[in-house]
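Secondary and tertiary structure notes
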Amino acid sequence: MRVCKVLTAWAFALFLVVSTAATAFAADYKLGYNTNASDNDYIFTTKAPKGNVGKNMTVTFRIRATDEDMENVRVSLAETTDFQQWEERGSGDYTVDYYPFEITENTFVSKSVGNIKKGNVKSASISARVRRDALQGYYSIPILIEWDGGNDIDYVNVWISTSSSTAEDDEEDEKKEGKYFIIGENQPTPRGTYPNVMNFNVNFRNKRETTVQDVTISMGLSEDDTKFPFEINDGNYDRTYERIAFGETVAVPYSMAIRKDSYTGYYPIKYTVTFRLSSEGDLHTEEGTFYVHITSKDKEDDLGDFDANDRTRARLIVDSYHTVPEQIYAGEEFELILNMKNASKNVGASNILFNLESEKVSDSAVFTTESGSSSMVVDDMGPGQSTEVRAVFTARAGVDQRSYSITIKEKYDSPEFKNAEESIVVDIPVKQYARLSTSNIDVMPDNITTGAESNVMFGINNTGKVILYNVTATFTADSIKPVETYVGNIKPGETGNVDTMLTGISPTMDDGTVKVTITYEDENGTIAEPVEKELTLMVMEESQDMMWDESMMGDMDGAVETESTGVKAVFQKYGILIGVAVVMLAAVVVVVVIRIRKKRKAAKEEEDIDDEIS
């Protein structure tokens, strides 16, 4: 694979040389953009890293151990001549190098990534300074990846800009556009008076040019009557919508009884919106606040009451978040990256403590940290400012495949509120690897003749925590008719049974091995790596009984009593010996078959067979 990719790179360089005739100039140079990124064996990205001329840039990518465990992985920028080009300048030809990075003594120094188990992914990055004379455009940067026992060159496409904006500015713009829903647009603040029931709607508008699906709008409840003014009479105040199109506004209706112990004033009602961008996409979460006004008893003139506390403190929210890697599997490590923002327009926050707490299942945390604590302190966040919070977790191995929550507990000071506390929840989807094993394969009988049938039975056990879809077992060998048996879906902890007949079509010319291939699909319809097993079935040529036909001898009644030299006389004379010889021949065949099967069974027992797949 690596040799083919190197040859491709040389072919690409040769194409540049041929296509740029002697009249080519630097302004006509076509920047290299690798359109075959899928040819990479180990490195992949979700978007092109961005950089600016004359500044340092970071090339971030992920490494997947596809075929085997990778020990002592190192990455570096690969030295290459792919960016060189012949040009005519003046009266001669020149070789011009359009490699976009400055070359120093550290440019091609490798960086350690560590060990990566088969099927796992790790993030890595390489930093370099972009040349001041680099042209704007896409560049296909070769990355050398080395590990104990192997190496390869893959490509990462990067964007180099000559404008004044930075990669950080581009990312900040993306974050500003990240919210999908606007809450309470074009509606007055709802007002209610105790002891009346308050009926009101809350508008939610999808402002992004994407139709969202599987939408759930949840009202934040609280037992504290200074924070939540309504009686909690229902077990669930969630509102669900199949889809909300771009520009569409839904008015979410509520009918709420006002609490007796409520105070006159404005109450912030928190809302959490979860949705998907496709029917099978990941679950996205957004949070927002909507205010209502309640007329009830006068609140005490105390620093701890609603007016002094809630109306003058900062609002710290999760503006966006993501994980590295994007897909998290049970038992593996990941990094959670939160973009925390002070959504207040004129109230700052200081001495901020963020404490991340995992959801628990059976009294055990789903997400754990190596140190046992995931608390971070930020000195100050002014109005509208953002900060990034990072924490490394490990998802518990035995949990079910679904989303689990991490609660961000905030404690901070505002000018008129000390030790303010808030909690925000984010959902983290956790996946499980599919696993299966098989029971002993019963073959009855294990020795047949051509045209005859043998019954094969065994069980397929789902030893993982996800459903195996469309399970199929296929039997193939030169001596039998190919057979495909559909088992169906197998739930976790259950067994699907295979019961089929194999028909012999030709005598066995080898040791009688029949290949059994088990295939299945995941919840997305993707076919997983097949599981292969073997069984032994001997097929022999159908024997012809030597039936004696009296008519073949003619009228030889008299000759029966006399000695004859014909075939019948031979059978009469040596019949017992012939019978003994046939029995001995059959015994030899049985012994040979048994020895072949015993040798094969012993060979299987010596192998380290792992019936589970991951």
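Residues numbered from 1 in each chain as written. Predicted model: local features only at pLDDT ≥ 70, side-chain atom pairs only at ≥ 80, totals over all residues. Heavy atoms only, no water.

**Remarks on the environment of Tyr469**
For clarity, the cut-off: Helical segments are the DSSP runs of H or I of at least four residues, strand segments are the runs of E of at least two, and each set is numbered from the N terminus. Residues count as neighbours in contact if any of their non-hydrogen atoms are within 4.5 Å of one another.
Examined against the element boundaries, Tyr469 turns out to sit in strand S34 (residues 468-476). If near-sequence neighbours (up to four positions away) are discounted, Tyr469 is found in contact with Gly488, Asn489, Tyr520, Glu521, Asp522 and Glu523.

**Re a negative patch on the surface**
Rule in force here: Here the term patch refers to residues with relative accessible area over 30% and no salt bridge, with like charges joined within 9 Å and nonpolar side chains (Val, Leu, Ile, Met, Phe, Trp, Tyr) within 5 Å. The Shrake-Rupley method, run with a 1.4 Å probe, gives the accessible areas here. Residue values count only the displayed protein chains as cover. Within this document, salt bridges are pairs made up of a side-chain nitrogen of Lys or Arg and a carboxyl oxygen of Asp or Glu, the two lying within 4 Å of each other. Think of it this way: Lys and Arg go in the positive column, Asp and Glu in the negative one, and His and the chain ends go nowhere. Lysine's charge is taken at NZ, arginine's at CZ, aspartate's at CG and glutamate's at CD. Relative accessibility under 20% of the residue-type maximum defines a buried residue, over 50% an exposed one, and the middle range a partly exposed one, all with a 1.4 Å probe and only protein chains included.
Judged by side-chain charge, Asp67, Glu68, Asp69 and Glu71 come together as a negatively charged surface patch. Inspection of the secondary structure assignment puts Asp67 in the loop between strand S3 (56-64) and strand S4 (70-77). Under the relative-accessibility criterion, Asp67 is labelled exposed at 56%.

**A closer look at the sheet that holds strand S18 (residues 283-295)**
Within a sheet, adjacent strands bond to each other through the backbone by hydrogen bonds, running parallel or antiparallel. What counts is decided by this rule: A pair of strands is labelled paired if DSSP reports no fewer than 2 bridges between them. Helix axes are fitted to C-alpha atoms over the stretch in contact, other axes to C-alpha atoms as well, and angles between N-to-C directions run from 0 to 180 degrees.
Pairing is mixed in the open sheet, where 5 strands are placed in the order S12-S18-S17-S14-S15. Here the strands that pair on one side only, and so sit at the sheet edges, are strand S12 (191-193) and strand S15 (239-244). The mean angle between the axes of side-by-side strands here comes to 30°, regardless of whether they run parallel or antiparallel. By the bridge criterion, 12 bridges tie strand S17 (residues 265-276) to S18 in an arrangement that is antiparallel. Of the residues in S18, the one forming a bridge with Ile269 is Phe290.

**Regarding the sheet that holds strand S21 (residues 333-342)**
Taken in spatial order, the 4 strands of this open sheet run S19-S21-S27-S25, and their pairing is antiparallel. Taken across any chain shown, the strands that pair with only one partner, and hence form the sheet edges, are strand S19 (316-324) and strand S25 (367-368).

**Some points on the packing of aromatic side chains**
The description of two aromatic rings rests on the distance between their centres and on the angle between their planes. This is how it is decided: Aromatic pairs are defined between Phe, Tyr and Trp rings, using the six-membered ring for Trp, whenever the two ring centres lie within 6.5 Å; interplanar angles under 30 degrees are classed as stacked, those over 60 as edge-to-face, and all others as tilted.
Taken as a whole, this structure holds 17 aromatic pairs when the rule is applied. Taking 5.6 Å as the distance between ring centres and 25° as the angle between the ring planes, the aromatic pair formed by Phe200 and Tyr254 counts as stacked. Of this pair, Phe200 sits in strand S13 (residues 197-206) while Tyr254 sits in strand S16 (residues 249-257), and the two are 54 residues apart along the sequence. Grouping residues by exposure puts Phe200 and Tyr254 together as buried. Here Phe367 and Tyr404 contribute two aromatic rings whose centre-to-centre distance is 6.5 Å and whose plane-to-plane angle is 80°, an arrangement assigned as edge-to-face. Taken together, the residues Phe367 in strand S25 and Tyr404 in strand S28 (residues 402-414) connect sequence positions 37 residues apart. You can call Phe367 buried: its relative accessible area is 3%.

**Description of the confidence of the model for the chain**
Going by this rule: One number per residue, pLDDT, summarises how confident the predictor is, and it ranges from 0 to 100.
For the chain, per-residue confidence averages 80 on the pLDDT scale, and 75% of positions sit at 70 or higher. With pLDDT under 50 throughout, residues 558-565 is counted as low confidence; its partners more than four residues away or in other chains account for 1 contact. Taken together, the stretch residues 607-614 has pLDDT below 50 and engages in 17 contacts with residues farther than four places along the chain or on a different chain.

**Concerning the nonpolar core**
Going by this rule: Side-chain atoms within 4.5 Å are what join buried Ala, Val, Leu, Ile, Met, Phe, Trp, Tyr and Cys residues into a set we call a nonpolar core.
Counting residues in each nonpolar core, the largest one holds 34 residues, and the members touching the most others are Leu338, Phe354, Leu356 and Phe367. Secondary structure elements with two or more residues in this core: S19, S21, strand S22 (349-358), strand S26 (375-381), strand S27 (386-395), S28 and strand S29 (417-431). At 6 residues, S29 tops the list of elements feeding residues into this core. Apart from residues no more than four positions distant in its own chain, Leu338 is found in contact with Val318, Ser320, Tyr321, Leu356, Thr387, Glu388, Val389, Ile408 and Val426.

**Some points on the pattern of salt bridges**
In this structure the tally under the stated criterion is 15 salt bridges. Between Glu185 and Arg205 there is a salt bridge whose closest N-O contact spans 2.4 Å. Of this pair, Glu185 sits in the loop between strand S11 (181-183) and S12 while Arg205 sits in strand S13, and the two are 20 residues apart along the sequence. Notably, a salt bridge pairs Glu359 with Arg402, separated by 3.4 Å at the nearest N-O pair. Of the two residues, Glu359 sits in the loop between S22 and strand S23 (360-361) while Arg402 sits in strand S28, which places them 43 residues apart along the sequence.

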